[in-house]
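Below, each chain spelled out in residue letters.
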Amino acid sequence: MIETSVGALYGVGPARVRAFAKLGVHTVEELLHHYPRAYEFRGDVKLLRDCGPEGKSAVILTVATAPRVHMIKRGMSLLKFRATEEGTGDVCEITYFNQNYLKDSFSPGCSYRFFGKIEKKGKGYAMSSPAFEEVIEGHEDELPPLLPVYPATEGLSQKQISAAVQLSLRMALTDADAMEDPLPAALRHERGLCAYSYALRNIHRPTDLEALAAAKKRLVYDELTLFALGLAATRSRTKAANAPACAQADLAPLEALLPYRLTGAQRRAIEEIRAEMSGNVPMSRMLVGDVGCGKTVCAAAAMLFAVQSGYQAALMAPTEILARQHYAELSELFGKLHISCALLIGATTAAKKRDVRAALADGSLDVVIGTQALLTEGVAFANPALMVTDEQHRFGVGQRAALSEKNRYAHLLVMSATPIPRSLALGLYGDLDISRIDEMPPGRQVVDTFVVDENYRARLNAFIEKQVAAGGQVYVVCPAIEERETIDADGMDADLYLDDISLRDEVAQTIHSEQPAIKSALAHAQYLSETLHGVRVECLHGKMKAAEKDAIMQSFVCGETQVLVSTTVIEVGVNVPNATLMIVENAERFGLSQLHQLRGRVGRGSRKSYCVLVGGERVGEVARQRLEVMRTQHDGFEIAQRDLLLRGPGDFLRGGAGDGIRQSGGIRFRLADTCDDAELLELAMQDARALIEHDPDLASAPALRRRMERMFTPAEGTLN
Ligand code: ADP
Ligand code: MG
């Protein structure tokens, strides 16, 4: 029953159904889990004369005059009435702006609790558009002290959301299944957690702060446990000693081929990897390090260790461009070490795919590099020892799970430039060990960053010509492919802010206030090739055929093309050391981590490099702050922290666009985001693991199993 649409609730018509959908709420169950983002404390009722001018206060007043509507201008009106305070006799004038429909909500002689800012006015007081609830004579104590503030959207007021939630709670209470406590009672008692129905009621309408804290703790625990269970169940990686031990590990031959010396941090990471791979307990390790710190060579070392011991290794990248680039670099290196290496991506011809699959299956191929194509059926290894994923954060949970599931007994190395705060890392990656590269190769320079607007266009073009004349190359990134707003949704490559609920309002605002026109890659490439002199400009985007992309990337890599205009397809991993200038058009549309990744494409060689962020003057406040962070900050960790502050952690957990988990009612943590209770996190993880170990099918906790299954339905079409 709770899986029915919110449209079944009294008072929720088609328009509100659509508004709820914008909040990710479709069913009654999802509404139950649409938790308040904050609470207003209205329980502290004061006298008008005791309320200070700052902040909001609660007062109980009796309506003294019938509300009247005053038209002030066309389309604008004020609803006004006077209310008096019992006991003191103080008078307060109350006004609502453009809310005539409230006229019938107030009857003279009735009392209400008003909550809002209180100002002095003449001998009395005034409140403008206060929140209110009717007070039933003699039942003052029953007024809820804490009122929920929900994430809202246009077309849905707090009151409407709140009313719908209350109805759905009532509906759920009559539905035994819905309120069945998903946690086994023993566990609940052991962890001192309140009952499920109590938690749901109190998260929405807490009776007091204590009840709220208990409710929150319980629901955070649920979220984390469900998440951990889902991971454990889909991954079922055991710590049993059944992985291939790669004991024949010798880094020297690889080192001898490198044109540089490994940094101390790289050496340490490689040693941690070597030590763990040489044993037969499967490694689950995450290698984190800022963009450009040199993670690829560490992966190469790990793959070398696998092959030296007679096994196979695989490297999976989130985009074809990156897979091709890794293949180009590593196959050259591996060739010199007599290690066979093949590329397997969607665009690989059928015949070639067949060959690669056969060679993997009979063990004659040592290393395969590819995209999610590696996860497709029919790809099987004769003796796999190591699975590596690059730019881990670009993959969905489902894909992460699929890769390790596919090779349950192999060592697992995941690489990421996104430094995830520790409490979140635990939640996301559960039992991964972490190796950090906290040092850049020597000689790297800070990429000078500028934020400019259209007025700067001519000078920017001159700057491009200057860079090219000096032998450098230039990336220009645009948010869309074509004129009419086709935002590049090349698989995982698009991660535009328009999808972000928290910023949608801001974007909507910006659109209304003459938002800077979106630069399309095709049109801008055309413009640049006509405007710039003696410069070869090419355009690259996600809708191109693979061979075409490849040819264009190749001509940029070898320096034939000097200016590459593209969509974010080049965001991750791509490495062209000769590139000295990164221009991001409509930079206001990109997220911080994305901008950091893009900027990381330059400054990879020894040449002085620059990043120019073109954002109109009329960008919203949050976007402006993002650009300012980019201009002043260069450290990936620092930027990630700011990102977290500006956009909230939900996005980290969603793993960007294209997460393999259903979004609606899905994995996006609702409460755990805001929970920095690391201890609770660890407990939830522990309990989940213990549960799965003793009862892999969760036969003893059917309600938990049901909720988990609903949560972990992978989105369609994300696995290839
Ligand atoms: P990321 O960690 O972002 O994946 P890459 O592995 O692509 O970084 O390395 C970035 C660049 O740095 C590459 O051109 C690589 O050859 C170079 N590089 C890696 N390690 C070193 C080092 N120790 N000294 C100098 N250059 C290095
Ligand atoms: Mg990389």
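Whatever comes next refers back to the structure up there.
For the structure given in this document, a descriptive report is provided here. (Residues numbered from 1 in each chain as written. Chains lettered and ligands numbered in written order. Predicted model: local features only at pLDDT ≥ 70, side-chain atom pairs only at ≥ 80, totals over all residues. Heavy atoms only, no water.)

**Details of the site of ligand 1**
Near ligand 1 you find 15 residues, and of these Arg261, Gly292, Thr296, Arg444 and Asn575 are the closest. Here an oxygen atom of ligand 1 and a backbone polar atom of glycine 292 are 2.6 Å apart. Separating an oxygen atom of ligand 1 from a side-chain N or O atom of arginine 444 is a distance of 2.7 Å. Coverage of ligand 1 by the protein chains reaches 86% of its 570 Å² of free accessible surface. Across the shell around ligand 1, the residue classes break down as five nonpolar, six polar and four charged. (Near = heavy atom within 4 Å. Polar contact = N/O pair within 3.5 Å; in protein donor to acceptor, adjacent residues only side chain to side chain. Areas by Shrake-Rupley, 256 points an atom, 1.4 Å probe, with all protein chains shown as cover. Nonpolar A, V, L, I, M, F, W, Y, C, P; charged D, E, K, R; others polar.)

**A closer look at the packing of aromatic side chains**
Summed over all chains, the structure comprises 11 aromatic pairs. Each ring, one from tyrosine 112 and one from phenylalanine 114, has its centre 5.9 Å from the other, and the planes form 50°; the classification is tilted. Exposure class is identical for tyrosine 112 and phenylalanine 114. Each is buried. Through successive ring pairs, a cluster of aromatic residues spans Phe81, Tyr96, Phe106, Tyr112, Phe114 and Phe132. (Phe/Tyr/Trp six-rings, centres within 6.5 Å; stacked < 30°, edge-to-face > 60°. Buried < 20%, exposed > 50% of the residue type's maximum accessible area, 1.4 Å probe, protein only.)

**Considerations on the sheet that holds strand E12 (residues 312-316)**
The parallel open sheet is built from seven strands, whose spatial order is E13-E14-E12-E15-E16-E11-E17. Whereas interior strands pair on both sides, the edge strands pair on one side only; in this sheet they are strand E13 (341-344) and strand E17 (433-437). For this sheet, the mean inter-axis angle between neighbouring strands, taken without regard to orientation, is 20°. Taken together, the five bridges between strand E11 (residues 284-289) and E17 define a ladder with parallel strand orientation. Its bridge partner lying in E17, methionine 286 is registered against isoleucine 434. Its contacts with the sheet put helix H10 (residues 296-308) on E11, E12, strand E14 (367-370), strand E15 (384-389), strand E16 (411-416) and E17, and the angle it makes with E15 is roughly 170°. (Pairing = 2+ DSSP bridges. Helix = DSSP H or I, 4+ residues; strand = E, 2+ residues; numbered from the N terminus. Axes fitted to C-alpha atoms, helices over the stretch in contact; angles between N-to-C directions. Contact = heavy atoms within 4.5 Å.)

**Observations regarding the state of the cysteines**
Throughout this description, disulfide means a covalent bond between two cysteine sulfur atoms. Scanning all chains against the criterion turns up zero disulfides. Cysteine cysteine 293 remains unbridged, with the sulfur of cysteine 298 as its closest cysteine sulfur at 7.2 Å. For cysteine 293, a relative accessible area of 1% corresponds to the buried category. (Disulfide = S-S within 2.5 Å.)

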